[in-house]
Amino acid sequence: MNHRHLIAILRGITPSETIPVCEQLIAAGVTMIEVPLNSPDALISIERAAEHLGGDAMIGAGTVLSVADVQAVASAGGTFVVSPDTNDQVIGETRRRNLLSYPGVFTPSDAFSAIRAGATGLKFFPAEVLGPKGIKAMRAVLPPELPVYAVGGANPDNFHEYFAAGCTGFGLGTFLYKPGVTASEVGDRAQKAVAAYDIGSTA
């Protein structure tokens, strides 16, 4: 399955909301879906989404901070792990379990530590602090084939700036979802993100 490099970050979602919101995301073309572990009953949400929608989307976990977290995500059926930091043990356990690993990085040292530990891709976080200029400078020394994502401050209005800096894709949190937003609203926002992504990725 081919996926756009757009990760929906559903921080704060509850199990009862998960399937309707994920269905809207998938219909719009966003098929990489992350449930942060500091959401209510996150592992239940991941398990339900993986069971019902795993054939149509990649379901993973965010805010993964420990080896035990990785093991729990794998048991729930998650297929990728996103972390806010660069933790060699978390990355190693993720890859050992054949899950994809997207650790958060902020410096070249972070980035190369993550690469050496086996990261599948890198999450530049917080992107709004690094900015396109900072990311572009780091991108120049990273393996060109390695996917890199701008997370924290990226939105459809500035996708073009981050694409120009060498980003492969984006993690979208509150732009797409925050508690209280309806599944239909998530779908509308996802359509805007997909349209902007498709324009920028082919420019």
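Let us look at the structure shown here.

Attention shifts here to the overall build of the chain. Of regular secondary structure, the chain possesses eight helices and nine strands. Projected onto its principal axes, the C-alpha coordinates of the chain cover approximately 45 × 35 × 30 Å. Taken across its 203 residues, the chain has 49% of its residues classed as buried. Counting only contacts in the chain whose residues sit at least 6 apart along the sequence, the fraction spanning at least 24 positions is 59%. About 8800 Å² of surface is accessible on the chain, with carbon and sulfur atoms providing 52% of the total. Taking the average location of the 14 positive side-chain charges in the chain and that of its 19 negative ones, the two points are 6 Å from each other.

Let us look at the packing of aromatic side chains. For the structure on display, the rule yields six aromatic pairs. Seen from their ring centres, tyrosine 102 and tyrosine 149 are 5.5 Å apart, and the 80° between their planes marks the pair as edge-to-face. Here tyrosine 102 is found in strand S5 (residues 100-102), whereas its partner tyrosine 149 is found in strand S8 (residues 148-151), with 47 residues between them in sequence. For the residue pair tyrosine 102 and tyrosine 149, the accessibility class agrees, reading buried in each case. With a centroid separation of 5.7 Å and 55° between ring planes, the pair formed by phenylalanine 163 and tyrosine 197 is classed as tilted. One end of the pair, phenylalanine 163, is in helix H7 (residues 159-164); the other, tyrosine 197, is in helix H8 (residues 183-201), and 34 residues separate them in sequence.

Judged by nonpolar contacts, the single largest core of 61 residues is most densely connected at Leu10, Leu25, Leu122, Ile135 and Phe170. Sequence-distant contacts of leucine 25, that is, excluding residues within four places in its chain, are made with Ala8, Leu10, Val30, Ile33, Leu176, Val186 and Ala190. Core analysis: the second largest hydrophobic core is formed by nine residues, Phe80, Val82, Tyr149 and Val151 among them.

Assignment of secondary structure puts glycine 180 in the loop between strand S9 (169-172) and H8. In sequence terms glycine 180 and glycine 12 are 168 residues apart; their C-alpha atoms lie 9.6 Å from each other.

With respect to the helices and strands, the residue serine 39 is situated in the loop between strand S2 (32-36) and helix H2 (42-53). At 2.8 Å, the side chain of serine 39 and the backbone nitrogen of glycine 12 are in polar contact. There is a polar contact of 2.9 Å between the side chain of serine 39 and the backbone oxygen of proline 36.

Where helix H3 (residues 67-76) contacts helix H4 (residues 88-96), the axes come no closer than 8 Å and their chain directions differ by 25°. With respect to each other, H3 and H4 are oriented roughly parallel. Read as a crossing pair, H3 and H4 show a hand that is right-handed. Counted together, Val67, Val70 and Gln71 of H3 and Gln89, Val90, Glu93 and Thr94 of H4 form the full contact between these two elements. Residue composition of the contact of H3 with H4, grouped by class: three nonpolar, three polar and one charged.

What counts and what doesn't
Residues numbered from 1 in each chain as written. Predicted model: local features only at pLDDT ≥ 70, side-chain atom pairs only at ≥ 80, totals over all residues. Heavy atoms only, no water. Helix = DSSP H or I, 4+ residues; strand = E, 2+ residues; numbered from the N terminus. Buried < 20%, exposed > 50% of the residue type's maximum accessible area, 1.4 Å probe, protein only. Contact = heavy atoms within 4.5 Å. Areas by Shrake-Rupley, 256 points an atom, 1.4 Å probe, with all protein chains shown as cover. Lys, Arg positive; Asp, Glu negative; His and termini not counted. Charge placed at Lys NZ, Arg CZ, Asp CG, Glu CD. Phe/Tyr/Trp six-rings, centres within 6.5 Å; stacked < 30°, edge-to-face > 60°. Core = buried A, V, L, I, M, F, W, Y, C linked by side-chain atoms within 4.5 Å. Polar contact = N/O pair within 3.5 Å; in protein donor to acceptor, adjacent residues only side chain to side chain. Axes fitted to C-alpha atoms, helices over the stretch in contact; angles between N-to-C directions. Parallel < 35°, antiparallel > 145°, perpendicular 65-115°, else oblique. Left-handed = near helix turned anticlockwise from the far one by under 90°. Nonpolar A, V, L, I, M, F, W, Y, C, P; charged D, E, K, R; others polar.

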